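Listed here are the chains, written in short residue letters.
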Amino acid sequence: MLRDKIINAINEVGFDEYKEISSADIIFADAVFASCKANTCGNYGLNYACPPLSGDMDENKQRFLNYDHAIILNKIMFLGEYYEKMEDSMTEVFERLDELRQKLKDEPVMIAGPGGCNLCKECAAKTSEPCRFPEKKRYSMEGSGMDIVSMSRKLGMIYNAGDKKVGFFMMVLY
Ligand code: SF4
């Protein structure tokens, strides 16, 4: 059964928590796109998985609603006393996500993570070229307009773990 394969893969890779929801319960908010526009992460308009290139809100919602079920994953990372471990933490999160993608590569799932699509070293959007791998594009949770803070609160998941530890959220759709 597909769900069991996904849960096994999640457990094998190792995350701190996960919750199963219906994709209809994913929370999207226009305010997320508005904050993307401030471009604090540097991806706005420069990554095909991020706004405005990821499409409007309806397009983004539909992409997730094409699947019935969602599993939200969380990996809690220590960012360092002075946030000096931020980059290392991101790298570790992306490595786990890659491992999960690898384990589920033959399954009919969509996996979304934090940040923009990182499949290419530099997204083709930066040089206004077409996406190199449209079928393999890695969608972003925030870049798709998901309100992760509200969702984590509603689901009782840990967003801010205190002592410079935060949750990095990812999602498997099936
Ligand atoms: S596959 Fe490459 S070009 Fe396409 S969105 Fe991802 S990083 Fe950008």
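Naming follows an unreviewed UniProt entry, where the protein appears as DUF2284 domain-containing protein of Acetobacterium paludosum.

Draft legend 1. A look at the pattern of salt bridges. Scanning the model with the defined rule gives 9 salt bridges in all. Between Asp16 and Lys75 there is a salt bridge, and its shortest N-O distance comes to 3.4 Å. On the criterion of sequence distance, the pair formed by Asp16 in the loop between helix 1 (2-13) and strand 1 (17-22) and Lys75 in strand 2 (residues 69-78) is long-range, its members being 59 residues apart. A relative accessible area of 12% means that Lys75 is categorised as buried. Of the charged contacts, one joins Lys105 and Asp106 as a salt bridge, the two residues approaching to 3.6 Å between their closest N and O atoms.

Draft legend 2. Summary view of the site of the ligand. In the neighbourhood of the ligand, the contacting residues comprise Tyr48, Cys117, Leu119, Cys120, Cys123, Ala124, Cys131, Arg132, Phe133 and Lys137. Looking at the shell around the ligand, its residues break down into 8 nonpolar, no polar and 2 charged.

Draft legend 3. The arrangement of the environment of Val13 in detail. Its location among the elements puts Val13 in helix 1. Residues in contact with Val13, not counting those within four places in the same chain, are Arg96, Glu99, Leu100 and Lys103.

Draft legend 4. Geometry of helix 1. For helix 1, spanning 12 residues, the distance from its first C-alpha to its last is 17 Å, which sits close to the expected 16 Å at 1.5 Å a residue. Those residues of helix 1 not exposed but buried are Ile6, Ile7, Ala9, Ile10 and Val13. The buried residues of helix 1 occupy one face: seen down the axis, they fall within an arc of 160 degrees. Check the buried side of helix 1 and you find it contacts strand 1, strand 2, helix 4 (86-103) and strand 5 (165-173). Phi turns positive, to about 95 degrees, at Gly14, one or two residues after helix 1.

Draft legend 5. Expanded view of the packing of aromatic side chains. Using the criterion set out here, one finds 2 aromatic pairs in the structure. On the basis of an interplanar angle of 55 degrees and a centroid distance of 6.1 Å, the ring pair of Phe28 and Phe64 is categorised as tilted. On the criterion of sequence distance, the pair formed by Phe28 in the loop between strand 1 and helix 2 (30-37) and Phe64 in helix 3 (residues 57-65) is long-range, its members being 36 residues apart. Note on Phe28: relative accessible area 15%, which makes it buried.

What counts as what
- Residues numbered from 1 in each chain as written.
- Predicted model: local features only at pLDDT ≥ 70, side-chain atom pairs only at ≥ 80, totals over all residues.
- Heavy atoms only, no water.
- Salt bridge = Lys/Arg side-chain N within 4 Å of Asp/Glu carboxyl O.
- Helix = DSSP H or I, 4+ residues; strand = E, 2+ residues; numbered from the N terminus.
- Buried < 20%, exposed > 50% of the residue type's maximum accessible area, 1.4 Å probe, protein only.
- Near = heavy atom within 4 Å.
- Nonpolar A, V, L, I, M, F, W, Y, C, P; charged D, E, K, R; others polar.
- Contact = heavy atoms within 4.5 Å.
- Expected span 1.5 Å × (residues − 1).
- Arc of directions from axis to C-beta.
- Phe/Tyr/Trp six-rings, centres within 6.5 Å; stacked < 30°, edge-to-face > 60°.

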